[in-house]
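In case you want the letters, here they are:
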Amino acid sequence: MENIKYSFTDSFLDDSADNFSFGQRKEGTLSNTVKKLAEELGRKIADIVQEHNVTVEKISKLLTSHINYKRSCEVSFSNALIWAKALEVNTAQPPGSKYSLMQHHQMVAKDPALQNLNNEAKMHLKDELQQHQSEKGMGVCATNATATQDVHATVDHIIRDLDGLAMQMGIYATLFVTRGHSYNMHSAMWYGTDNAMDFWEDVLKLEPDQVAKQFELWGYITQQDSLENMQRECLHLIETNFCQLVGNQTQLNYNNFNSAIKLKHGIDKKGWPETIPFTSPCNIANIKLIWQL
């Protein structure tokens, strides 16, 4: 019995060792196969990058991308009912005491006037909500801060859509956004999918920052229709940039610029047209010169 016992134990250990060795060999084979696949994939990606003049990041995104587009939500009848009831009961309520969404649902369910509406009444409520949403999206914001938040949120949404199109369709796109008035708080910005900005730098020989600045100036001027407004906007631009360099305590001295500004603060004027005398824009009475400035 002892011989049988020891014989069984030795056989069990031998089988376990064989199984363990087989598992190691299997894992090693799989690891080598995956390694070869990764090396081959890397070489193919490098060939595609060189052939199509794109970045490795774009190829990686295309390989692992997924469709992230959603159809825009249409106005539903239930939302129209909630909006109509909220407009009815919350309009006269002071801030902090308005009814909640759950209370609106309960009011709609208990209001007999909103039950069993015909198709014409339903369409009328939906049209009113659609018009309200359109006016809210296109209306003027109450403050510049609110407008700036809307601009940033909308631009972020546009950028995400452009990135999605670039990954799914392989498009190239550039986006320049600027303000139309000097008192708007958001600054000019630009964005390009993948390496699209190389087109501006390599082909057109233009720096995106310079394009954005010129676009911003053009946005100011196109909103104005008089020499006086253009002079004021131009003066505001110059003095705002000057104050960013030296602070608000120093005023720009046009007449004694070399001694009062250049020597004292180490700042020189750059890009000022030679055909325009260096003076305050308010002293330039030619609208073409103001445009050039």
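Since the model is a prediction, treat every value here as computed from it, not as a measurement.

Closest axis-to-axis distance for the helix 3 (residues 77-90)/helix 4 (residues 101-110) pair is 9 Å, and the angle between their directions is 100°. Our classification of the angle between helix 3 and helix 4 gives roughly perpendicular. Facing helix 3, whose interface residues are Leu-81, Ile-82, Lys-85, Ala-86, Val-89 and Asn-90, helix 4 presents Leu-101, His-104, His-105, Met-107 and Val-108. Taken together, the residues of the contact of helix 3 with helix 4 break down into seven nonpolar, three polar and one charged.

Attention now moves to unusual backbone geometry. The phi torsion at Asn-116 lies on the positive side, around 55°, for a residue other than glycine. Following the sequence through the fold, Asn-116 ends up in the loop between helix 4 and helix 5 (119-138). Residue classification places Asn-116 among the exposed residues on the basis of a relative accessible area of 80%.

Of note, Ser-280 is situated in the loop between helix 10 (257-265) and helix 11 (287-292). In this view, Ser-280 contacts Leu-235 and Tyr-254; residues no more than four positions away in its chain are not counted.

So, on to the state of the cysteines. Each disulfide consists of a covalent bond between the sulfur atoms of two cysteine residues. Following the criterion strictly, the structure yields zero disulfides and no others. With no disulfide of its own, Cys-282 has Cys-234 as its nearest cysteine by sulfur position, at a separation of 9.0 Å. Here Cys-282 falls in the partly exposed class, since its relative accessible area comes to 41%.

Analysis parameters
Residues numbered from 1 in each chain as written. Predicted model: local features only at pLDDT ≥ 70, side-chain atom pairs only at ≥ 80, totals over all residues. Heavy atoms only, no water. Axes fitted to C-alpha atoms, helices over the stretch in contact; angles between N-to-C directions. Helix = DSSP H or I, 4+ residues; strand = E, 2+ residues; numbered from the N terminus. Parallel < 35°, antiparallel > 145°, perpendicular 65-115°, else oblique. Contact = heavy atoms within 4.5 Å. Nonpolar A, V, L, I, M, F, W, Y, C, P; charged D, E, K, R; others polar. Buried < 20%, exposed > 50% of the residue type's maximum accessible area, 1.4 Å probe, protein only. Disulfide = S-S within 2.5 Å.

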